[in-house]
Amino acid sequence: MRHWLFAFILLLCLPLGGCTHENDARIVEKITGDTLFVAPSEQKPDEQYALTKIRLTTDTIVYGKTNYTAAIQTGDTIQVTFEEDSIVATEIRRTKD
């Protein structure tokens, strides 16, 4: 009986989890060598945000090309895919903003 109850509760929670939408788009604030400092693209005016550090390598795919880090400019709105448990970006894509 417990297994059915657990499965029922889990089934109810799954659709609710899908309703939350987190904006993972980021704005490039600063570029220093192979490191980007980015902020969330959606910010509340009365809150402060720490910049997130993203490291690029020659293997990072930037806007669909490898070794294309010079294409990134301050002010770009991007989405980033990271290496597992790392600040190293495997891919950077422009958002459609």
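Preceding this paragraph is the structure being described.
Small disclaimer: the values here were computed from a predicted structure and weren't measured. (Residues numbered from 1 in each chain as written. Predicted model: local features only at pLDDT ≥ 70, side-chain atom pairs only at ≥ 80, totals over all residues. Heavy atoms only, no water.)

Trainee: Looking at this structure, how should I read the sheet that holds strand β7 (residues 89–94)?
Mentor: Sheets are built from strands that pair by backbone hydrogen bonding, the pairs being arranged parallel or antiparallel. Pairing in this open sheet of seven strands is mixed, and the strands run β3-β2-β1-β6-β7-β4-β5 from one edge to the other. Here the strands that pair on one side only, and so sit at the sheet edges, are β3 (52–55) and β5 (65–66). Alignment of strand β6 (residues 77–82) against β7, held across five bridges, turns out to be antiparallel. Pairing of Thr-81 across the sheet is with Glu-91, part of β7. (Pairing = 2+ DSSP bridges. Helix = DSSP H or I, 4+ residues; strand = E, 2+ residues; numbered from the N terminus.)

Trainee: What is the right way to look at the environment of Ile-92 in this model?
Mentor: With respect to the element layout, Ile-92 can be found in strand β7. Owing to a relative accessible area of 0%, Ile-92 belongs among the buried residues under this scheme. When neighbours within four sequence positions are excluded, Ile-92 is seen to be in contact with Leu-36, Leu-56, Thr-60, Ile-61, Val-62, Tyr-63, Ile-72, Ile-78, Gln-79 and Val-80. (Buried < 20%, exposed > 50% of the residue type's maximum accessible area, 1.4 Å probe, protein only. Contact = heavy atoms within 4.5 Å.)

Trainee: Before we go on, may I ask you to explain unusual backbone geometry in this structure?
Mentor: Generally, phi is negative for residues other than glycine and the peptide bonds are trans, each holding for most cases. We note that Tyr-63 has phi near 50°; this positive angle belongs to a residue other than glycine. Looking at the secondary structure, you find Tyr-63 in the loop between β4 (61–62) and β5. At Asp-85, a residue that is not glycine, the phi angle is positive and equals roughly 55°. Within the secondary structure, Asp-85 sits in the loop between β6 and β7. The exposure class of Asp-85 is exposed, given its relative accessible area of 78%.

Trainee: Hey, could you run me through the side chain of Thr-60 in this one?
Mentor: Structurally, Thr-60 can be placed in the loop between β3 and β4. Overall, the relative accessible area of 0% leaves Thr-60 in the buried class. Only 2.7 Å separates the side chain of Thr-60 from the backbone oxygen of Ala-89, close enough to count as a polar contact. (Polar contact = N/O pair within 3.5 Å; in protein donor to acceptor, adjacent residues only side chain to side chain.)

Trainee: Help me understand the pattern of salt bridges, please; the structure alone is not making it clear to me.
Mentor: Two side chains with opposite charge may pair up if their charged atoms get near one another. On inspection of all chains with the given rule, the structure shows three salt bridges. When the shortest N-O distance is used, the salt bridge between Arg-93 and Glu-91 registers 3.7 Å. Residue Arg-93 is classed as partly exposed on the basis of its relative accessible area, which comes to 28%. (Salt bridge = Lys/Arg side-chain N within 4 Å of Asp/Glu carboxyl O.)

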